[in-house]
Amino acid sequence: MNDPLFMGIDGGGTSLRIAITDGDTQVIKSLKTSASNPNLVGHDQAQRHIRATIQDCLRAAEVSSCAIQSAAIGIAGASVGHSRDWLIATAEPVLPDSLLVAASDLEIALVGALAKRYGVLLLAGTGSAAFGVSPGGRQLQIGGWGYLLGDPGSSYWIGMQVLKQMIDCHDRVGEGLKTSTNDALFEHVLQALGISRTRLIVDWLYRNQSPPATRIADIARIISNLAEDGNWRAINILQGAAIQLVRQTKMLIRHLDCPDAEIAFAGGLLDNDNLLSEDVARRLGLAKRPVARHPPVIGAALLAKMEWKRVTAA
């Protein structure tokens, strides 16, 4: 009998990752492509893109779909609470013989980070949310409402704070007037957006075919770099983001009643050492930034393996 293979499918806010692993969680093949969030690109397009990438990964690994014992799929913008059927229907045509596990992007990130299904995850990338699982298996999520309703502390939230401050400065001071409020941050953002003045933000935001949430979230990288260079406005924005993220995490721990649960970080804002991740860790009373054992896509493959073992043992 061939060794069992497992597939993890991780659809984040800015990219889609798929990995095939063996029973020891060694990666056989992995692929990364463009975003598959159905709320950003549409459900039909997301479904086609995910299926095509699954097939590409199988071909690259030189394995057939029937070799995949189980696959877990977690897609940002497709909560398992309301999109379980859509998640299964997305993978089933290209993985007809596999045990399919519908999960949230937060659950696969938690399993990847801690290599277990118990603990607390704080995710801050394009969006933000806190997710936890109690020792008894109870799951709870705080945040993760999407960019239209919140995602405080996320890259999108940071980008929006910058744009709002730029607009406020423009309306109070006037276009092109040099005062103490026109600091380097605004000039860097305008240059990065490829526009010459604040009023052109309207064209940049509304007359572009690419998803606005992703473009706004990209501004966070500029803010992080400027904060590292000591820009006071950028530092203040990141401190505001840290406060928002810590608030979500503490609220989750209180509601889930698991004060001793291990805390994991995930998402582009927290998966490396920077001013924001260090500030969040300090505010949560952690000695240092927690480092994930595996990325979310491997967490999905681990979850698939866990479910396959549970089902086959029953």
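Here is what the cut-offs are and how they apply
Residues numbered from 1 in each chain as written. Predicted model: local features only at pLDDT ≥ 70, side-chain atom pairs only at ≥ 80, totals over all residues. Heavy atoms only, no water. Helix = DSSP H or I, 4+ residues; strand = E, 2+ residues; numbered from the N terminus. Rg over C-alpha atoms; globule rule 2.2 N^0.38 Å. Buried < 20%, exposed > 50% of the residue type's maximum accessible area, 1.4 Å probe, protein only. Areas by Shrake-Rupley, 256 points an atom, 1.4 Å probe, with all protein chains shown as cover. Lys, Arg positive; Asp, Glu negative; His and termini not counted. Charge placed at Lys NZ, Arg CZ, Asp CG, Glu CD. Phe/Tyr/Trp six-rings, centres within 6.5 Å; stacked < 30°, edge-to-face > 60°. Lys NZ or Arg CZ within 6 Å of the ring centre and 35° of its normal. Core = buried A, V, L, I, M, F, W, Y, C linked by side-chain atoms within 4.5 Å.

A.B. asks: Teacher, can you tell me more about the overall build of the protein here?
C.D. replies: What the protein contains, in helices and strands, is 12 helices and 9 strands. For 314 residues, the compact-globule estimate of 2.2 N^0.38 gives 20 Å, and the protein sits close to it at 21 Å. Structurally, the protein occupies a C-alpha span of about 75 × 45 × 30 Å along its principal axes. Split into buried and exposed, the 314 residues of the protein put 52% on the buried side. Summed over its atoms, the accessible surface of the protein is roughly 14,800 Å², and 50% of this surface lies on carbon and sulfur atoms. Side chains of the protein give 30 positive and 30 negative charges; the mean places of these two sets differ by 3 Å.

A.B. asks: Quick question: what am I supposed to make of helix 4 (residues 105-114) here?
C.D. replies: The periodicity of an α-helix, 3.6 residues per turn, causes residues three or four positions apart to be oriented the same way. Of all 10 residues in helix 4, 9 are buried, a share of seventy percent or more. For helix 4, the full list of buried residues reads Leu 106, Glu 107, Ile 108, Ala 109, Leu 110, Val 111, Gly 112, Ala 113 and Leu 114. Among the residues trailing helix 4, Ala 115 stands out with phi positive, at a value near 55 degrees.

A.B. asks: I tried to follow the packing of aromatic side chains on my own but got confused; where do I start?
C.D. replies: Tallied over the full model, the rule gives 2 aromatic pairs. Between the aromatic rings of Phe 6 and Trp 308, the centroid separation amounts to 5.3 Å while the plane-to-plane angle is 65 degrees, which identifies the pairing as edge-to-face. Taken together, the residues span a long stretch of sequence, with Phe 6 in strand 1 (residues 5-11) and Trp 308 in helix 12 (residues 296-313) at a distance of 302 residues. For the pair Phe 6 and Trp 308, one class covers both residues: buried. Centre to centre, the rings of Tyr 147 and Tyr 156 are 5.2 Å apart; their planes meet at 65 degrees, and the pair counts as edge-to-face. The aromatic ring of Trp 204 is capped on one face by Arg 215, whose charged end is 5.0 Å from the ring centroid.

A.B. asks: Mind showing me how you'd approach the nonpolar core here?
C.D. replies: Counting 52 residues, the largest nonpolar core has Ile 158, Leu 185, Ile 223, Leu 276 and Val 280 as its most contacted members. In terms of residue count, the dominant contributor to this core is helix 10 (residues 232-256) (11 residues). Leu 16, Leu 58, Ile 68 and Ala 102 belong to the second largest nonpolar core, which has 23 residues in total.

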